[in-house]
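# What the coordinates show
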Amino acid sequence: MDEVEPAEDRMENYVRIAVVGRGAYGVCWLCRRKESQHREKVILKTIPLHGLSNEEEIAIMGEVMLLKKMRHPMIIGYYSYFKYDNTLAIVMQYAEGGTMERMIQEQRGEHFHESSVLDFFTQILIALHHMHSKSIVHRDLKTQNILMNKKRTLVKLSDFGISKELSTKSVASTVIGTPNYLSPEICEGRAYNQKSDVWSLGCVLYELLALRRAFDGDNLPSIVMKITKCSYSPIGDHATQEVRELVGNLLRLNEHQRPNVQELLTHPLVLPYTLRIHCDVGRVIVPENNKRRANSVMGGRLRITPSAQSLRPQERFPTKTPISLSNTLR
Ligand SMILES: Nc1ncnc2c1ncn2[C@@H]1O[C@H](COP(=O)(O)OP(=O)(O)OP(=O)(O)O)[C@@H](O)[C@H]1O
């Protein structure tokens, strides 16, 4: 594990506005930074450390470390962390559009245009590719963990609570969380791997197209039964044959038959979105989370032009996206 840099932020730097959500370990507060030029809104994920075992505290710090490593436009930005009153606060980018789950619910049965679905899908894919290229698996990919910008055009993967760095010595095999997105191999007690994220991505793609979960049920055994038989109801004729086949490829029971994220990025249906997003992403403001932040903490903006460096985050506290990806994609 990387060495933890000394915490320099503190609670007094923030004004609490509201609770935006609660997780298994703590509360997510929407806060405003007091002294910065733009008084940016940020999320403080607060986790009481009282009563936590050493292992749990290490696991939570692991999330901080992963977030720090994960600088990417399609991954929620990490800003800092600090401890107060025996509580750990992780300061992160605020995703004003809420979760993808809520966005889907708010469609109230009106299907997304397929190009929007493929746009979202490709963005998630690009984020996963970034993680997998660092040998990190998300392990909890689901629509609740995909956050959106205000205009709901950009996705931000979040919740690295149970993400794991796969090394030669360790297999990531713990199962936690909502069961609906679990892959058959996890249901069968086998180890997690990158292809398990691909299955979960298939569940997300299904949900974006059908506006309902691929595998649902009243209880855990009934959900697991459906997953292990790969039994899901047809998406419907509103979706093209090609995209339905793509879902089928992701939701293959045998993980070896599922494509990897690299292959998916060049799938004929996906490639145009991959290319356009990569060309455009250099114009999206993304957070910087390394030690250089001291110079830019008060909101100085660095705009980068599309270039070979276009996927390298250059900025901190992105309160606004200067250009919506959707402007060029749709
Ligand atoms: N950066 C963020 N921007 C906006 N809303 C957020 C952000 N992070 C979390 N939330 C909201 O807070 C809720 C709780 O998030 P949190 O990461 O604490 O837990 P979780 O993912 O729901 O569950 P668990 O702790 O079991 O993994 C989310 O569902 C989301 O609605």
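Heads up: these notes are all about the structure in this document. (Residues numbered from 1 in each chain as written. Predicted model: local features only at pLDDT ≥ 70, side-chain atom pairs only at ≥ 80, totals over all residues. Heavy atoms only, no water.)

So, about the site of the ligand. If you check the shell around the ligand, you find 17 residues, and the closest are Ala-24, Lys-45, Gln-93, Ala-95 and Asp-159. Contacts to the ligand include Ala-95, whose backbone N or O atom sits 3.0 Å from a nitrogen atom. Between an oxygen atom of the ligand and a side-chain N or O atom of Asn-145, the distance comes to 3.2 Å. Taken by itself the ligand offers 600 Å² of open surface, and the protein chains cover 79% of this. (Near = heavy atom within 4 Å. Polar contact = N/O pair within 3.5 Å; in protein donor to acceptor, adjacent residues only side chain to side chain. Areas by Shrake-Rupley, 256 points an atom, 1.4 Å probe, with all protein chains shown as cover.)

Next up on the list: the sheet that holds strand β4 (residues 78–84). Pairing in this open sheet of five strands is antiparallel, and the strands run β1-β2-β3-β5-β4 from one edge to the other. Because the sheet does not close on itself, it has two edges, and the strands there are β1 (14–22) and β4. In this sheet, neighbouring strand axes are inclined to one another by 30° on average, regardless of whether the strands run parallel or antiparallel. In the sheet, β1 pairs with strand β2 (residues 27–33) via seven bridges, with the strands oriented antiparallel. The partner of Val-19 across the bridge, within β2, is Trp-29. (Pairing = 2+ DSSP bridges. Helix = DSSP H or I, 4+ residues; strand = E, 2+ residues; numbered from the N terminus. Axes fitted to C-alpha atoms, helices over the stretch in contact; angles between N-to-C directions.)

Now for the environment of Asp-218. Inspection of the secondary structure puts Asp-218 in the loop between α5 (194–210) and α6 (220–229). Separated by 148 residues in the primary sequence, Asp-218 and Met-70 place their C-alpha atoms 35 Å from one another.

From the geometry alone we can't say anything about function, so treat these as descriptive.
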